[in-house]
Amino acid sequence: MQASERAFTNYLVIGSGLAGLAAALKAASHGAVTIVTKRQAAECNTQYAQGGIACVIRDDDSFESHVRDTLEAGAGLCHPDIVRSIVSDGPARIQDLLDWGIHFTRRGEVAERLEAGEAESFDLGREGGHSERRILHSGDITGNELVRVLLERCRANPRITILENHLAIDLISTRHVQWQGENCCLGAYVIDRDSRRIKTLVSGCTILAAGGAGKVYLYTSNPDVATGDGVAMAYRAYAEISNMEFFQFHPTCLYHPNAKSFLISEAVRGEGGVLKIRRGRDYVPFMEDYHEMGSLAPRDIVARAIDNELKRTGQPCVYLDVRHHSETFLRRRFPNIFEKCLEFGINMASDLTPVVPAAHYCCGGVRSDTNGATTVRNLYAIGEVACTGLHGANRLASNSLLEALVMAHRAVAHAARDADQNLPVSHEQVPDWSSGDAVDSDEQIVISHNWDEIRRFMWDYVGIVRTNKRLQRAKNRIRMIRKEIETYYWDFIITPDLIELRNLASVAEMIIDCALGRQESRGLHYNADLPTPVGARGKDTHLRRPAKAVIWHE
Ligand code: SIN
C-alpha cells in the first residue's frame, strides 16, 4: 500500500515552464498557489527555448502582418479570431515580462553597425515563416532567462508553494467520484519522487501547464521531462483533445553523436544562414527548390525538404552555412550555440554546421477556449499542453512563448473573475489514492523495453512523412503495448517511470488515431498516400475518452 496525504490549495498549477510560472505569479494575487513540477523546477521545455518570443514591436510591423504569417504557416487550420486576439495581446504581456525584470537583447549588444539612437532598441530576430523581424530574445538562451527570473519571483512569493520532484499521476474529476452533473476538476493526485508518498491535492482551480511530448519520438530537441503527461491526464479525465497529428519537427538539430539533439535555433537562418547539401565536393543550397522563402520557409516545409534530401541522397545530414558572418558577431548573437558547436569541434564562422530534424513541438493538445478553459469545469490548459487554435496545422516559430504568456494571464483572470470555484463535492468526499492489491514489480524490463519500442516506431512510422500502411502498423503496435502497460499499471505499485511510460503510450496512441483520422495531407501531417488540399480550410480533429459507467478504483 502506498501511503498518502492531502492538502487544499486555491490554485493548483501543474508544470513550471513559462505558462505555469506566469500563471502562478498572476494567481498569487487571488489566493494560495501550489506548483507541482516533476523534477527541479527549472527543468522544463521553456528552459531550452533559444529563439524567443514573437511580438509586434516595431512601428513598421503590424498585427495584421503577424496574423497573416501565423495563418499562412498554420495551413488553413488556425482559428483566426484566436490568432488575432493572442497576437494583439502580445505587447501588454511583454510589458509584464519587462516589469518582472526580464532582459531582452538590445541592438547595441550585438549589431556590427548601428544607426544613430539605435543602441537601446530591441534586437529583433527573424525566424521561418515570419515576413518581419519580430522575435524578442535574450541572446540565444531566451528560455533560460525567462525561467530564471520568473522562478526567482515565484520562490520569493509567500503565497506560492513549489513542490519539486512531484509528478502528477492523475487529475481528479467528479467523473471519478460520482457520475451525475457536469464534469468538474477537483485537483490531482501527485507522487513525491523521493518519499514515494502519494498526495491528494484538492483545488478550486487546476491549471494544466505540463508542456509537451517530444519524448514520444526517438530523436527530439525536448528534455526528458516532455512525456505528454498533461494531455494524457486530461484525456483520462474526459477532457476533449484536438489535433494531435500535428507534431512539429525542428529542421535543425546539431548532428553529432554526443549532442543529444542540441537545437540550432531558426534565428541562425534568420541571420542569413543557408541550408546546403553535399554534392560531390561541393555544398549546394536546396531549399529554393522547395519554397520561395528558401531556408526561411515555414518549418513543416523545411523539415520535409531535409527529410526528402536525406532519403534521396542517402546522406546522414545536411549543413547550415553561416560563414558569411564574423566570429565576433556569431559569438555575440549566438553565444551558447557557438560555444556548444565549438565543444564538438565545429567553428560556425569557418565550418559548415551539420544538422538534422528532430521532434520539437506538439501543436495539438487539450482543447481550450479563448480563456484557457477546457471542456472540464475548473480545469484550464495553457502553453504547449493546450490546443487553442493558434497554431493550426503548423506552429509559426516563436509563437508558443507568446501564447503561453497570453493564456496564463487570461486563464487566471477568468478563473478569478468568472469561474465558480466552489467544488460540487466537499473536500472530504474526494477519495485518497488507493493502490488496491498492487505489489512491487519484479519486471522493470517491461518499462524500458516498451519505452524504447514506442519511441522507435513513432519515429519510423509516424514521423515527418507518413503513409497509411505505416500508420496502421503503428496502430497495431501501440494497441498491444497499451494493453500490456494497463495490466502492469493496475497489478504493480506505481513508480514515476511507469506513470511516464503510461502517459507516453497514451499520447502516442492519440497521435496515431488523429493521424489515421485525417484523410488529407495538411501542414505537419504529411501522408504520402493522401492529397494536400490547396487553399481549403480544414477541420480540427477531436478525441474524447468514451464514457464508462464505472467508478474509478473499484
Ligand atoms: C528556435 O529557436 O529555432 C526555436 C524557436 C521555436 O521553436 O519557436
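Read on for a plain summary of the structure. Residue indices begin from 1 for each chain and proceed along its sequence in written order. It should be noted that, the model being predicted, local features are given only for residues of pLDDT at least 70 and side-chain atom pairs only at 80 or more, the latter also being counted only at that level, while totals for whole chains, interfaces and linings use all residues. Only hydrogens and water are removed before side-chain values are computed, so all heavy atoms of the structure are retained for them.

Right, let's get into the site of the ligand. Near is defined per residue: the residue qualifies when any heavy atom it owns lies within 4 Å of the molecule or strand. Near the ligand, the surroundings consist of Gln50, Gly51, Glu127, His250, Leu263, Ser265, Glu266, Arg299, His360, Arg395, Ala397 and Ser398. Backbone polar atom of glycine 51 to an oxygen atom of the ligand: 2.9 Å apart, as the coordinates give it. Residues adjacent in sequence count toward polar contacts only when both atoms are side-chain atoms; beyond that, a polar contact is any pair of N or O atoms within 3.5 Å, and within protein one must be able to donate a hydrogen and the other to accept it. With respect to the ligand, the backbone of serine 398 contributes an N or O atom lying 2.7 Å from an oxygen atom. What sets the accessible areas is the Shrake-Rupley method with a 1.4 Å probe; for residues, cover comes only from the shown protein chains. When the ligand sits alone it has 260 Å² of accessible area, and the protein chains cover 94% of it. Taken together, the residues of the shell around the ligand sort by class into two nonpolar, six polar and four charged. Any residue that is not Ala, Val, Leu, Ile, Met, Phe, Trp, Tyr, Cys, Pro, Asp, Glu, Lys or Arg is counted as polar, Gly included; the first ten are nonpolar and the last four charged.

Below, the discussion takes up the packing of aromatic side chains. What characterises a pair of aromatic rings is the spacing of the ring centres plus the angle enclosed by the ring planes. Only Phe, Tyr and Trp rings take part, Trp by its six-membered ring, and two of them pair if their centres are within 6.5 Å. Stacked means planes under 30 degrees apart, edge-to-face means over 60, and tilted covers everything else. Applying the stated rule across the entire model yields 11 aromatic pairs. Ring geometry for tyrosine 217 versus phenylalanine 247: centroids 5.2 Å apart, planes at 65 degrees, classification edge-to-face. With tyrosine 217 in the loop between strand 8 (198–208) and helix 7 (229–236) and phenylalanine 247 in strand 10 (residues 247–254), the pair connects residues that are 30 residues apart, well separated along the chain. For the pair tyrosine 217 and phenylalanine 247, a shared accessibility class is recorded, and that class is buried. A centroid spacing of 4.9 Å and a plane angle of 85 degrees characterise the contact between tyrosine 489 and tryptophan 490, whose relative ring orientation is edge-to-face. Think of it in three bands: with a 1.4 Å probe and only protein chains considered, a residue is buried below 20% of the maximum accessible area for its type, exposed above 50%, and partly exposed in between. Here tyrosine 489 falls in the buried class, since its relative accessible area comes to 3%. Only Lys NZ and Arg CZ are tested; either one counts as a charge over a ring when it is within 6 Å of the ring centre and within 35 degrees of the ring normal. The side chain of arginine 502 reaches across the aromatic face of tyrosine 489, ending 3.7 Å from its centre. Starting at the N terminus, helices and strands are each numbered in turn, a helix being any DSSP run of H or I of at least four residues and a strand any DSSP run of E of at least two.

So, to be careful, I would describe these as geometric facts and stop short of saying anything about function.
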